[in-house]
Structures are given as C-alpha cells and as structure tokens.
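# Commentary on secondary and tertiary structure
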Amino acid sequence: MFTESSRSLRGLAVLAPGLLLLATPWLLAPWPVGTDLPQHAAQIQLLGRAVGDPSLAIAWFSPNSLVYWVLAPAIWLFGPVAGTKVLSWALVAAAAVLGGVLCRARGAPVELTLLATIFCFNASLYWGFLPFQLGWVAFLGWLVAMLSPRDNDRSQLLLVAALSLVVLWSHSLWFAAAGAAGIAITLARPSLWKQRLTRGAAAAPAAIAAGWWAPQIVEKRLAHGFDVEARWLVLGADRFTVEFFGGGALGNVPGNYVQVVGGLCVAALLLLASTRSTPDERGADRELLAIAALMLLAFATLP
C-alpha cells in the first residue's frame, strides 16, 4: 500500500522521464511539425505591427485568442522556429501533467497518463491547431477543479469561474465541451448535484461572455468570406474504421503504425490492470466514463 508521499514520488518518477521523452520529436525535427504553425507565427509579427498602428484593432480577449498571449513571448524569446517548438511541446507536457493530477485525484494509476500521451501525436498536433491544443489543456484544468472533492467555498468557486473563462478564451469548442461535460458528470453522480450545480453557476460569467461573442464572431467570418457551413464528409460506422478513427488519433501515419500502437496500448492496459498492488473497491469512475462517452458521441455525430 502506497502512502500519500510515496504516491507523489512515484508519480513524479513516472512523469519526469516521460516528459523528457516527449520532447524528443521536437528536438530532432528541424522544423516544428504543424501545418498552421507558420500562420500562427505570422500573427505574432502582425501583432507587433498592430500595437503601434491605430488603424488596426486587436481583440485581446476574444475566444480562441489566448494562445497568442503565450506564443508571442515564446517567439520573442526563442525566435519563430524554436518558439513554436517550445510552445507545442509545452502544451503536450502541460496536458500530461494535468492528466497525472487528474489520475492521482481520482485514484487511478499515474502510468495511464503516459499511455494517454501517445495520442497527443494526433491530427490536431500535425495540423498545428495551437488554439485547440491550448483549449484541451484548459479543459483538463477546468475538469480537475470541477471534480475536486473540496467544499464549495469562495476560493473554489472563484477557481471554477476563472478556469471557465480561460477555457472560453482558449477555444470556444472546448468551452462548449465543458458545458456538456458539466451536465454529464452531474448525471453520472446525482448525489452531488448541488455541488455541481453551484460550480456550474460559477461559470455563468463565461457563458454570458460566450453568448455575447458568438454572434459577432460568426458575423465577422461571414463578412470576410469564411465558409462557416457545417459539413458531414464521413458518416456512421465509417468514422470508426482504423483509417479514420485510428488515423486521426495518431496523426494519419502511413503503414501499420496505427495497428501496432493500438495493440501496444491494449497490451499496456492489460498489464497495468494485472499488476495493481491492491484491488480497487470503488469500481469504475462514473464521471470520467461519462465524459469519455460524451467525447465518443461528439466524434460520432458532429461535423
């Protein structure tokens, strides 16, 4: 049986070398992988011009813009190539750390965090969707706060309110996911409905801001000729093929890579389950299962 301190040391021993290994692709690649990264870097150059040009307006706090607040210092400190590398890896590392925090808080093996980081090399990473990646990190932080067993004192409610705004500021789709996840975890454990409802109410300022921003964003995109029509190019069972589901989760790498990595993940899960030092009498984590089911439903139905 692990004590609290030994669990912390064990988690650190598991995560630290994993984070170093995660940095390997960014260290070896001459250019950061990500189709949209040059566009994001160019936005920082434009930002520098806009600050001193009164004819250009900057929407500092609009949804999906938080990434530029962290990308700008990274580029100014390290240059456009190294800066985008540093930020891209930092987002993956932050997601891994928050995953470890979530595992520890829910009594799950920290090793699951390293297993999950395999899927950081997905289509979003290779397309260079930095705002979406930052939104995932913010969502994880919000989830840790929402599932915290702490009482709903002022500091906890302020934390949920602040993180809700951060999620919206990071990416509007992740804010929508957070709203759906809040409903899912409440339904998964009805005995905590008062706690979850109070924390949900703390997110009201972010919900009001989202309702104010959304029509303006759509209007501006339409005015500038953006295509905002929803399209379903792949439907039904075709979304769950190895090529589409596995390819998207692992970056559409050619060959048998998806099957090999998928098989290794299943083997690792079975090995981890068979080597648990003590049986888990609490059973399955209903809240996390509800969120997983929600994400799967979104994958199966959304455009």
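Calculation rules
Every chain is numbered independently, its residues counted from 1 as its sequence is written. Residue-level local features of this predicted model are given only where pLDDT is at least 70; pairs of side-chain atoms are given and counted only at 80 or more, and the full residue set underlies all totals for whole chains, interfaces and linings. No hydrogens and no water enter the side-chain calculation; it runs on all heavy atoms of the structure. With axes taken as lines fitted to C-alpha atoms, and helix axes fitted only over the stretch in contact, angles between N-to-C directions fall between 0 and 180 degrees. A run of H or I in DSSP becomes a helix once it reaches four residues, and a run of E becomes a strand once it reaches two; helices and strands are each numbered from the N terminus. Geometric relationships in this document are graded by angle, where less than 35 degrees denotes roughly parallel, more than 145 denotes roughly antiparallel, 65 to 115 denotes roughly perpendicular, and other angles denote oblique. Should the near helix be turned anticlockwise from the far one by less than a right angle, the crossing is left-handed, and should it be turned clockwise, the crossing is right-handed. Residue contacts follow a heavy-atom distance rule, with two residues in contact if any of their heavy atoms lie within 4.5 Å. Lys, Arg, Asp and Glu make up the charged group, whereas Ala, Val, Leu, Ile, Met, Phe, Trp, Tyr, Cys and Pro make up the nonpolar group; the residues left over, Gly among them, are polar. Think of a nonpolar core as a cluster: buried Ala, Val, Leu, Ile, Met, Phe, Trp, Tyr and Cys residues, connected wherever their side-chain atoms sit within 4.5 Å. Classification of residues uses two cut-offs on accessible area relative to the type maximum, computed with a 1.4 Å probe and protein chains only: under 20% is buried, over 50% is exposed, and between them is partly exposed. Given the number of residues in a helix, its expected span is that number minus one, multiplied by 1.5 Å. Stacked, tilted and edge-to-face pairs are distinguished by plane angle, under 30 degrees for stacked and over 60 for edge-to-face with tilted covering the rest, among Phe, Tyr and Trp rings (Trp via its six-membered ring) whose centres lie within 6.5 Å. When a carboxyl oxygen of Asp or Glu is within 4 Å of a side-chain nitrogen of Lys or Arg, the pair counts as a salt bridge.

## Section: the packing of helix α9 (residues 154-170) against helix α11 (residues 193-202)
With their axes 8 Å apart at the nearest point, α9 and α11 run at an angle of 55° to one another. Relative to α11, α9 is oriented oblique. By crossing handedness, the relation of α9 to α11 is classed as right-handed. Across from Q156, L157, V160 and A161 in α9, the residues of α11 making contact are T198, R199 and A202. In the contact of α9 with α11, the residues fall into four nonpolar, two polar and one charged.

## Side note on the nonpolar core
Judged by nonpolar contacts, the single largest core of 22 residues is most densely connected at F139, W142, L143, V160, V167 and F175. Taken together, the elements giving at least two residues each to this core come down to α8 (130-146), α9, α10 (172-188) and α12 (204-223). If we ignore the near neighbours within four places in the chain, the residues touching V160 are W142, A145, M146, R199 and A202. Core analysis: the next-biggest nonpolar cluster, separate from the first, contains 17 residues, L37, L66, V67 and I75 among them.

## Quick word on α10
Spanning 17 residues, α10 covers 24 Å between terminal C-alpha atoms, matching the ideal 24 Å at 1.5 Å per step. Within α10 the residues assigned to the buried category are W174, F175, A177, A178, A181, G182, A184, I185 and A188. The secondary structure elements touched by the buried residues of α10 are α8, α9, α11, α12 and α15 (286-301).

## Examining the packing of aromatic side chains
Applying the stated criterion across every chain, the model contains 16 aromatic pairs. Cluster of aromatic residues (ring-pair linked, three or more members): F132, W136, F139, W142 and W174.

## With respect to the pattern of salt bridges
For the structure shown, the criterion picks out six salt bridges. The partner of D153 in a salt bridge is R150, with the nearest N and O atoms 3.1 Å apart. Residue classification places D153 among the partly exposed positions, given a relative accessible area of 34%. Accessibility expressed as a relative area gives 39% for R150, which makes it partly exposed. Among the charged side chains, a network of salt bridges with common partners joins R106, R189, R196, D285 and E287.

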